[in-house]
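Geometric and topological summary
Here's the letter readout for the chains.
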2 protein chains.
Amino acid sequence: MKIDLEYAEFYKKLEELSAWKEKAEKALETLKGFVADGSQPVGWLTLPEDYDKDEIARIRDAAARIRQQCEVFVVIGVGGSYLGARSAMDFLWGKDRNAFRKEGPAICFAGTDLDGEELARLLEYCEGKSVCVNVISKSGTTTEPAVAFRFFRGWMEEKYGKEAASRIFVTTDERPRPGTLKELALKEGYECFKVPGNIGGRYSVLSAVGLLPIAVSGADLGALLDGAAKAKEEFTNNPFETNLCMQYAAMRNLFYNDGKKLELFSFFRPAADAIGEWLKQLFAESEGKEGKGIYPCSAVYTRDLHSIGQYVQEGERMFFETMVLFDPALSDPTVPNAAENVDGLNYLAGKNLSYINDNAAKATCLAHSNGGVPVLCLRFPRPSEECLGYLYYFFELACALSGTMLGINPFDQPGVEQYKTEMFRNLGKPGYTK
Amino acid sequence: MKIDLEYAEFYKKLEELSAWKEKAEKALETLKGFVADGSQPVGWLTLPEDYDKDEIARIRDAAARIRQQCEVFVVIGVGGSYLGARSAMDFLWGKDRNAFRKEGPAICFAGTDLDGEELARLLEYCEGKSVCVNVISKSGTTTEPAVAFRFFRGWMEEKYGKEAASRIFVTTDERPRPGTLKELALKEGYECFKVPGNIGGRYSVLSAVGLLPIAVSGADLGALLDGAAKAKEEFTNNPFETNLCMQYAAMRNLFYNDGKKLELFSFFRPAADAIGEWLKQLFAESEGKEGKGIYPCSAVYTRDLHSIGQYVQEGERMFFETMVLFDPALSDPTVPNAAENVDGLNYLAGKNLSYINDNAAKATCLAHSNGGVPVLCLRFPRPSEECLGYLYYFFELACALSGTMLGINPFDQPGVEQYKTEMFRNLGKPGYTK
């Protein structure tokens, strides 16, 4: 397992990077201090080594039963409770995995929003099919998943009666408290998995939050956790000079200090689109506070070069770009030769698509750099569960380091309460007054 | 058909809006001048009235045959040649339309990128199924769709022999030139539809580019074009004071002058996600030049309030937000009552989800405004083909007006050639040298 960080040679700020070495090293020490004193939720930092082996065995067992038992697996959760799992499934099996699948249940997400038409469509799709549900909510009280689960719980009980309990799986905080999902699960006898108290939602993909749905999709959890363990080994031990995670965190702060307030994550792989969504939550929620932070955007190339490409090349110069590249996938078709060559593409005949795509990446890196957008290229290994675990850990650590260097707390999210408070007032939730 | 533009009352800049009246009116006159003198490609401006009725009849006829004839309809195109159609289908039938559909073919997009795994998955999915193909490329020489079409053309000819020609539909520039798709189509006998010469890719959704795939999805083209015609009537004739399209274009320039370099389009409707992608191309490619332009981002709420919400509330204050809202859809479930109320949601029992969602929108508008992000709310009618046609025209005109007021040419895209030139050099395309 190996990652390359290629700085576009055209960006002149690189000589300043060493000035950030001390800050980056101090940030890593700070995070390690949180592990020791438990004052911040950094359970994700040691998770690849100290995860609960018995629970992983139960997750594997439950996933095997779910794959046997149902045609539709409904995963109910929002934010960190769905972005990780969805990013993994899309990355491993493609975005059209439900329509294209040959085995295993369709895996559908619910409780991500309050749109009634979306919910009605999913309920209608489930009609007449065998269904299992995994409801995921750390607090167990978040509105969107709670509303969706009220619908699905009713639907399941009407369809299955007492058997419904064996088809409902709950991932939530370990502590049963009144009015929470854990209390309900104990009462009804739903199998429970835990969101460890010392891991926040956006850092939870490698806990049961992500692992149960990912296992149901058919992925190898062992390889996923191994990849994360390799990243932990490398990036929490190596010195700055050989530690690409620390260097990347430092680069982000260097760019930000230089007036780049927007980071564009770009992928040359459509299946990585949802990794972009996972990164957006990770960085936006960790860093966007106290009037600070780099705003994360994402794009899939070459697709979006035909969309935002013009702007990236010639618009306002307020961003830098982080290209997240992967070594070629196993499936890599070759452009066929054509006798007549009417489309003029024979200059590509015999080439693998990965070769063409990689040349597009090199060309884009050069063009954008020349256009005044600093480009970092992070090259990860061939797409696989191991690569994915490595990537998750890399970015979680980079985000925590980067936020710590920025001087904010990368583990809280005080700003998300404000619209909720307004909304609960409008809706007359008990305890909230106009 | 009616649209409301609600400015969040908290933003203090509104009194300055009238100062932009003259510029907005002048921009509209400029666009009308282009219609008269043909010096810029503004065919989309009059399209809802002067479209080719015979071609629409042919599109309807072809769509009916395609729906009869195949299980998978592969739409090959990139940028403006797929974003419009995809946004319409997702908006009308939901993002999971292929997995959830009850009738009609699965509609899959190809030729949007150079990823081999994605292409291999789609080819494998087509194996053993009845397939039709629509290849869409204005120039007829764009690399991504050309590569995908070379694969699919070979696949179709191997499977269907001479019958393949009756299953391949080409949407391209009217003029046959050597080495273009039109030349090939004439030679092979593929049915052709036209991208009018005076309509650029990102303004082409209501031409055959969008209309054939949209018709295959089962949508009512008449209602779609009617909606656009209503928008044309309203927004190209009404004076500034009652013209919300001109006012919106003026607001965008006002915000930009005030240092807001990023526009966040937010939807409280997951099915509108791809409208966000369509808007990104429209605005980024039209405005992002000469070091200028507002960078367009998009989000789906309440989903992404659990992702980028923290940043929007408390991060850097360099953006404004445009909420694109819709009246409630016909399908609008009611939260059921629960005897035990373990989840504490009975305060919502009997309420429609649209009521809860709308309260979330109001609360978010207030919270973000209070947090220092100016919010515009555009409220469109109930989701339908008519609403969609109205929306497309509204934003196309707003974009052209806004770009004209900004002082750039909203109809060219000079910057997209730079990475292509580098790429063609790397790949050894004839005519390009290292």
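None of these values were measured; they are calculated from a predicted model.

1. A look at the overall build of chain A
- Broken down by element type, chain A carries 16 helices and 10 strands.
- Compactness check: chain A gives a C-alpha radius of gyration of 23 Å against a globular reference of 22 Å for 434 residues, within 12% of the reference.
- Counting only C-alpha atoms, chain A reaches 65 × 60 × 45 Å along its principal axes.
- By residue count, 65% of the 434 residues in chain A fall in the buried class.

2. Examining the interface of chain A and chain B
- On the chain B side, the residues contacting the 114 residues of chain A number 114 residues.
- For the pair chain A and chain B, the summed buried area comes to about 10,200 Å², and 60% of that belongs to carbon and sulfur atoms.
- Ranking the residues of chain A by area buried against chain B places Arg150(A), Tyr295(A) and His306(A) at the top, with a combined share of 9%.
- Where chain A touches chain B, the interface holds 10 salt bridges.
- Asp343(B) is the partner of Arg150(A) in a salt bridge, and the nearest nitrogen-oxygen pair spans 2.6 Å.

3. Describing the sheet that holds strand β5 (residues 168-173) of chain B
Residues and elements named next belong to chain B.
- Sheet architecture is open: 5 strands sit in the order β3-β2-β4-β5-β6, paired in parallel fashion. Two strands in the sheet have a free side with no partner beyond their single neighbour: β3 (106-110) and β6 (191-195). Neighbour-to-neighbour, the strand axes of this sheet turn through a mean angle of 20°, independent of strand direction.
- The sheet contact formed by strand β2 (residues 72-76) and β3 spans 5 bridges and is parallel. Each residue of the ladder has a partner; that of Val74, found in β3, is Cys108.
- Taken strand by strand, helix α6 (residues 116-126) contacts β2, β3 and β4 (131-137), and its axis lies near 150° from that of β3.

4. Thoughts on unusual backbone geometry
- Of note, the amide linkage connecting Tyr301(A) to Thr302(A) takes the cis form, showing an omega dihedral of 0°.
- Tracing the backbone through its elements, the reader meets Thr302(A) in the loop between β8 (295-300) and α13 (309-314).
- Positioned with a positive phi, Glu290(A) is a non-glycine residue whose angle comes to about 55°.
- Mapping Glu290(A) onto the fold places it in the loop between α12 (273-287) and β8.
- Phi is positive for Asn341(B), which is not a glycine, with a value near 55°.

5. A short note on the pattern of salt bridges
- Applying the stated criterion across every chain yields a total of 68 salt bridges over all chains.
- For Arg379(A), the salt bridge identified is with Asp327(A), shortest N-O distance 3.8 Å. Of this pair, Arg379(A) sits in strand β10 (residues 375-380) while Asp327(A) sits in the loop between β9 (319-326) and α14 (353-370), and the two are 52 residues apart along the sequence.
- Classification of Arg379(A) by relative accessible area gives buried; the value is 16%.
- The salt bridge involving Arg121(B) is made with Glu117(B); its shortest N-O contact spans 3.6 Å. Highlighted residues: Arg121(B) and Glu117(B), both in helix α6, separated by 4 residues, approximately one helical turn. Taken as a pair, Arg121(B) and Glu117(B) share a single burial class, namely buried.

6. Looking at the relation of the copies chain A and chain B
- With an RMSD of 0.0 Å, chain A superimposes on chain B once it is rotated by 180° and translated 0.0 Å along the axis. With respect to symmetry, the two chain copies, as superposed, fit the operation of a two-fold axis. No C-alpha of chain A lies nearer the rotation axis than that of Ala99(A), which sits 2.3 Å from it.

7. A closer look at the packing of α6(B) against helix α7 (residues 143-160) of chain B
Residue and element names in this part refer to chain B.
- Interhelical geometry of α6 versus α7 gives an angle of 20° and a closest axis separation of 12 Å. Viewed along their axes, α6 and α7 adopt a mutual orientation that is roughly parallel. Between α6 and α7 lies a crossing of right-handed hand. Taking contact as the criterion, the partners of Leu119, Leu122, Leu123 and Cys126 in α6 are, on α7, Phe151, Phe152 and Trp155.

8. Thoughts on the nonpolar core
- One finds Val74(A), Phe152(A), Tyr295(A), Val74(B), Phe152(B) and Tyr295(B) to be the most contacted residues of the largest nonpolar core, which totals 138 residues.
- In contact with Val74(B), other than residues within four places in its own chain, are Cys108(B), Ala110(B), Leu122(B), Cys126(B), Val131(B), Cys132(B), Val133(B), Asn134(B) and Phe152(B).

9. Describing the packing of aromatic side chains
All names here are of chain A.
- Tallied over the full model, the rule gives 56 aromatic pairs over all chains.
- Ring geometry for Phe380 and Phe395: centres 6.1 Å apart, planes at 35°, overall tilted. Taken together, the residues Phe380 in strand β10 and Phe395 in helix α15 (residues 385-406) connect sequence positions 15 residues apart. For the pair Phe380 and Phe395, a shared accessibility class is recorded, and that class is buried.
- Among the aromatic side chains, those forming a connected cluster through ring pairs are Phe91, Phe235, Tyr248, Phe265, Phe283, Phe326, Phe380, Tyr390, Phe394 and Phe395.

10. Considering helix α16 (residues 417-427) of chain B
- Residues of α16(B) that are buried include every one of Tyr419(B), Lys420(B), Glu422(B), Met423(B), Phe424(B) and Leu427(B), and no others.
- The secondary structure elements touched by the buried residues of α16(B) are α14 of chain A together with α7 of chain B.
- Two residues or fewer past α16(B), Gly428(B) is found with a positive phi of approximately 70°.

11. Details of the sheet that holds strand β4 (residues 131-137) of chain A
Residue and element names in this part refer to chain A.
- Spatial ordering of the open sheet is given by β3-β2-β4-β5-β6, a layout of 5 strands whose pairing is parallel. Each edge of the open sheet is held by one strand with a lone partner, namely β3 (106-110) and β6 (191-195). Looking at each pair of strands side by side, their axes are set apart by 20° on average, direction ignored.
- The sheet contact formed by strand β5 (residues 168-173) and β6 spans 5 bridges and is parallel. Residue pairing in the sheet places Asp173 in a bridge with Val195 of β6.
- Contacting β4, β5 and β6, helix α8 (residues 181-188) crosses the sheet at an angle of about 140° to β5.

12. Regarding the packing of helix α7 (residues 143-160) of chain A against α8(A)
Residue and element names in this part refer to chain A.
- Between α7 and α8, the least distance of the axes is 14 Å, while the angle of their chain directions is 10°. Relative to α8, the element α7 lies roughly parallel. Contacts between α7 and α8 involve Phe149, Arg153 and Glu157 from the former and Leu181, Leu184 and Glu188 from the latter.
- Taken together, the residues of the contact of α7 with α8 break down into 3 nonpolar, no polar and 3 charged.

13. Things to note about the pairing of β10(A)
All names here are of chain A.
- For β10, a buried count of 6 out of 6 residues is recorded, marking the element as mostly surrounded by other parts of the structure.
- Residues Val375, Cys377 and Arg379 point to one face of β10 and Leu376, Leu378 and Phe380 to the other, with burial holding for every one of them.
- Assessed by its sense of winding, the connection that carries the chain from β9 through α14 to β10 is right-handed.

14. Remarks on the side chain of Asp332(B)
Residue and element names in this part refer to chain B.
- Within the element layout of this structure, Asp332 appears in the loop between β9 (319-326) and α14 (353-370).
- Salt bridges are absent for the buried Asp332, whose nearest opposite-charge side chain, Arg269, sits at 9.8 Å.
- When neighbours within four sequence positions are excluded, Asp332 is seen to be in contact with Asn352, Leu353 and Ser354.

15. With respect to the confidence of the model for chain A
- Averaged over every residue, the pLDDT of chain A is 94; residues scoring 70 or more account for 97%.
- Scoring of the predicted complex yields 0.97 for pTM and 0.97 for ipTM.

16. A short note on the state of the cysteines
- Taken as a whole and judged by the stated rule, the model has 0 disulfides over all chains.
- Distance from the sulfur of Cys245(A), which forms no disulfide, to the nearest cysteine sulfur (Cys399(A)) is 10 Å.

17. Describing the side chain of Glu285(B)
- Along the chain, the position of Glu285(B) falls in helix α12 (residues 273-287).
- Filtering out sequence-adjacent residues up to four positions away, Glu285(B) remains in contact with His306(A), Ser307(A), Gln310(A), Arg202(B), Lys280(B), Asp412(B), Gln413(B) and Val416(B).

18. A look at the pairing of β4(A)
Residues and elements named next belong to chain A.
- Burial of β4 is extensive: 7 of the 7 residues sit out of reach of the surface.
- A two-sided burial pattern is seen for β4, the buried positions comprising Val131, Val133, Val135 and Ser137 on one face and Cys132, Asn134 and Ile136 on the other.
- Sheet analysis places strand β2 (residues 72-76) next to β4, joined by 5 bridges and oriented parallel. Counterpart to Val72 in the pairing with β4 is Val131.
- After leaving β4, the chain enters α7 and then returns to the sheet as β5, a path that is right-handed.

Rules used throughout
- Residues numbered from 1 in each chain as written.
- Chains lettered and ligands numbered in written order.
- Predicted model: local features only at pLDDT ≥ 70, side-chain atom pairs only at ≥ 80, totals over all residues.
- Heavy atoms only, no water.
- Helix = DSSP H or I, 4+ residues; strand = E, 2+ residues; numbered from the N terminus.
- Rg over C-alpha atoms; globule rule 2.2 N^0.38 Å.
- Buried < 20%, exposed > 50% of the residue type's maximum accessible area, 1.4 Å probe, protein only.
- Contact = heavy atoms within 4.5 Å.
- Buried area = accessible area lost by both parts, 1.4 Å probe.
- Salt bridge = Lys/Arg side-chain N within 4 Å of Asp/Glu carboxyl O.
- Pairing = 2+ DSSP bridges.
- Axes fitted to C-alpha atoms, helices over the stretch in contact; angles between N-to-C directions.
- Least-squares fit on C-alpha atoms with pLDDT ≥ 70 in both.
- Parallel < 35°, antiparallel > 145°, perpendicular 65-115°, else oblique.
- Left-handed = near helix turned anticlockwise from the far one by under 90°.
- Core = buried A, V, L, I, M, F, W, Y, C linked by side-chain atoms within 4.5 Å.
- Phe/Tyr/Trp six-rings, centres within 6.5 Å; stacked < 30°, edge-to-face > 60°.
- Nonpolar A, V, L, I, M, F, W, Y, C, P; charged D, E, K, R; others polar.
- Right-handed = clockwise from strand over helix to strand, strands pointing away.
- Lys, Arg positive; Asp, Glu negative; His and termini not counted.
- pLDDT = per-residue confidence, 0-100.
- Disulfide = S-S within 2.5 Å.

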